[in-house]
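This is what each chain is made of:
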Amino acid sequence: QSARIRDLSQRLDPQTFRVLMSPEGGRAIDPRRLERWRAGRGILRSHEQERLQMISTNVQPLENLAKKNTGKTRWKRNRALRDWLIHGKTKDVVYADQDAETKKHQLPAIKALRFLGIDPSEGTYYVRKRKLA
């Protein structure tokens with residue numbers, strides 16, 4: 001896992017990776033903790049392991065969204081990326097066919113895509129879910 005963490009933090013920028021790994025509504029992961037993870041001495045909690053899988057599965061769209069928005073405020077861009085990753089819908093899901101609670105859960109992802117300059121109705125950015133083996 002430490003090799004994967006090193007690779008992702010280099011590809012996405014360490015600050016962006018720390019925000020993506022942090023819990024929603026919380027502070028970014030401490031830089032010292034990221035360094036322990038990269039060195040192989042840190043311990044990942046179960047929700048952090050799941051988040052790491054989501055990030056590694058969606059690293060290409062995250063890179064593309066980050067590159068398109070280099071001129072925006074960094075912390076706002078990073079939060080928008082995290083919101084999209086957590087609340088985004090998969091490709092097979094039709095927004096109109098969902099119940100109200102699920103639609104409400106996906107609103108932060110829609111707002112994040114709009115902030116990042118992507119029209120959510122185009123259907124170009126979906127969160128890929130890793131299939132359990």
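Residues numbered from 1 in each chain as written. Predicted model: local features only at pLDDT ≥ 70, side-chain atom pairs only at ≥ 80, totals over all residues. Heavy atoms only, no water.

A. Inspection of the packing of helix H1 (residues 2–12) against helix H4 (residues 46–57) at higher detail. For the pair H1 and H4, interaxial distance at closest approach is 11 Å and the crossing angle is 50 degrees. With respect to H4, the axis of H1 lies oblique. Relative to H4, H1 is oriented so that their crossing is left-handed. Packed against H1, whose contacting residues are Arg4, Ile5, Leu8 and Leu12, the element H4 presents Leu52, Gln53, Ile55 and Ser56 at the interface. (Axes fitted to C-alpha atoms, helices over the stretch in contact; angles between N-to-C directions. Helix = DSSP H or I, 4+ residues; strand = E, 2+ residues; numbered from the N terminus. Parallel < 35°, antiparallel > 145°, perpendicular 65-115°, else oblique. Left-handed = near helix turned anticlockwise from the far one by under 90°. Contact = heavy atoms within 4.5 Å.)

B. A look at the layout of surface pockets. The volume enclosed by the largest pocket comes to roughly 250 Å³. Forming the boundary of the largest pocket are 15 residues, of which Lys89, Ile110, Leu113, Pro120 and Tyr126 lie nearest the centre. Elements represented by at least two residues in the lining of the largest pocket include exactly helix H6 (74–87) and helix H7 (100–115). Here the element with the most residues in the lining of the largest pocket is H7; it accounts for four residues. Here the lining of the largest pocket is built from residues that sort into eight nonpolar, five polar and two charged. (1 Å grid on protein atoms, 1.4 Å probe; cavity = no way out; pocket = protein on both sides within 12 Å on 5 of 7 lines; lining within 4 Å. Points joined across faces, edges and corners; volume = space filled by probe spheres on them. Nonpolar A, V, L, I, M, F, W, Y, C, P; charged D, E, K, R; others polar.)

C. Inspection of the side chain of Ser56 at higher detail. In this fold, Ser56 is placed in helix H4. Within the structure, Ser56 has its side chain in polar contact with the backbone oxygen of Gln53 (distance 3.0 Å). (Polar contact = N/O pair within 3.5 Å; in protein donor to acceptor, adjacent residues only side chain to side chain.)

D. Structural view of the pattern of salt bridges. Within this structure, the stated rule accounts for six salt bridges. For the salt bridge of Glu63 with Arg11, the shortest nitrogen-to-oxygen distance reads 3.0 Å. Placement of Glu63 in helix H5 (residues 59–68) and of Arg11 in helix H1 is noted, with a sequence separation of 52 residues between them. As a salt-bridge pair, Arg74 and Asp13 come within 2.5 Å of each other at their nearest N and O atoms. Of this pair, Arg74 sits in helix H6 while Asp13 is found in the loop between H1 and helix H2 (14–21), placing the two residues 61 residues apart along the sequence. Residues joined by salt bridges that share partners form a network here, namely Arg33, Arg45 and Glu48. (Salt bridge = Lys/Arg side-chain N within 4 Å of Asp/Glu carboxyl O.)

E. Summary view of the environment of Ile110. Here Ile110 lies in helix H7. Take Ile110: its relative accessible area is 17%, and that puts it in the buried class. For the pair Ile110 and Val94, spaced 16 residues apart in the sequence, the C-alpha separation amounts to 13 Å. Among all residues touching Ile110, those that are not within four sequence positions of it are Tyr95 and Pro120. (Buried < 20%, exposed > 50% of the residue type's maximum accessible area, 1.4 Å probe, protein only.)

Limitation: the analysis is restricted to geometry and does not speak to function.
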